[in-house]
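Coordinate inspection notes
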Amino acid sequence: MNITVYLGANEGNAPTLKSAVRELGTWIGESGNALVYGGSKAGLMGELAESVLMAGFEYDAITRLIVTKDMPERKTKMMELGDAFIAFPGGTGTLEEISEVMSCSALEMLKAPCILYNLNGYYDGLKALLEHMIDMGLSTLEKQSRIYFVSDLAEIR
């Protein structure tokens, strides 16, 4: 399975980010899944990729580099390649990318799970907003049925 992970090229300032992203990468590598990500060696992206490699994943599969002409093409390619989508805590780019996955899921253009890794409550505000959309009649439980909030790796496995 190809697991597309959205996350930042920054490290952040919470010590749990680095250990949690390395745990995620180790699981991806050890489980035989393939990682699809933004390609940076910096910050959390670099930590994720390195941990997948160190877990013994087939080297050629993770180092395939796909160069795109711009961000829209990059986002499309990452969605095409993904069988499941995880948003690790990240910045506005992470939010923008996972929002597109959520929209495509709601429109039934994607049937894959959309997982928000809610480490230490990071995505609590987004969860409340999605619930508010339903309360206001602007979304439905059905449209959000493939969106999952998980607090740790055990809930992803």
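Anyway, here's the lowdown on the structure attached to this text. (Residues numbered from 1 in each chain as written. Predicted model: local features only at pLDDT ≥ 70, side-chain atom pairs only at ≥ 80, totals over all residues. Heavy atoms only, no water.)

Counted according to the given criterion, the structure contains 3 aromatic pairs. When the ring of tyrosine 6 is compared with that of phenylalanine 85, the centres are 6.4 Å apart and the planes differ by 10°; the resulting orientation is stacked. Here phenylalanine 85 lies in strand β3 (residues 84-87) and tyrosine 6 lies in strand β1 (residues 2-6), a separation of 79 residues in the sequence. No difference in accessibility class separates tyrosine 6 from phenylalanine 85, as the two residues are buried. On the basis of an interplanar angle of 70° and a centroid distance of 5.2 Å, the ring pair of phenylalanine 88 and tyrosine 117 is categorised as edge-to-face. Remark: tyrosine 117 occurs in strand β4 (residues 114-117) and phenylalanine 88 occurs in the loop between β3 and α5 (92-106); sequence separation between them is 29 residues. (Phe/Tyr/Trp six-rings, centres within 6.5 Å; stacked < 30°, edge-to-face > 60°. Helix = DSSP H or I, 4+ residues; strand = E, 2+ residues; numbered from the N terminus. Buried < 20%, exposed > 50% of the residue type's maximum accessible area, 1.4 Å probe, protein only.)

For the rest of this paragraph, the subject is the pattern of salt bridges. Counted according to the given criterion, the structure contains 7 salt bridges. Between lysine 18 and glutamate 47 there is a salt bridge, and its shortest N-O distance comes to 3.6 Å. In this pair, lysine 18 is assigned in helix α1 (residues 15-30) and glutamate 47 in helix α2 (residues 43-54), connecting sequence segments 29 residues apart. Note on lysine 18: relative accessible area 39%, which makes it partly exposed. Judged by its relative accessible area of 15%, glutamate 47 falls in the buried class. The residue arginine 22 makes a salt bridge to glutamate 50 at a minimum N-O spacing of 3.3 Å. Separated by 28 residues along the polypeptide, arginine 22 in helix α1 and glutamate 50 in helix α2 bring together distant segments of the chain. Here glutamate 50 falls in the partly exposed class, since its relative accessible area comes to 41%. Within this structure, Lys18, Arg22, Glu47 and Glu50 form a network of salt bridges that share partners. (Salt bridge = Lys/Arg side-chain N within 4 Å of Asp/Glu carboxyl O.)

Read across the sheet, 5 strands follow the order β2-β1-β3-β4-β5 without closing on themselves; strand pairing throughout is parallel. Edge positions in the sheet fall to β2 (34-36) and β5 (147-150), since each has one partner strand and no second. On average, adjacent strands in this sheet sit at an angle of 25° to one another, irrespective of strand direction. Of the pairings in the sheet, the one linking β4 to β5 comprises 4 bridges and is parallel in character. Paired with isoleucine 115 across the bridge in β5 is tyrosine 148. (Pairing = 2+ DSSP bridges. Axes fitted to C-alpha atoms, helices over the stretch in contact; angles between N-to-C directions.)

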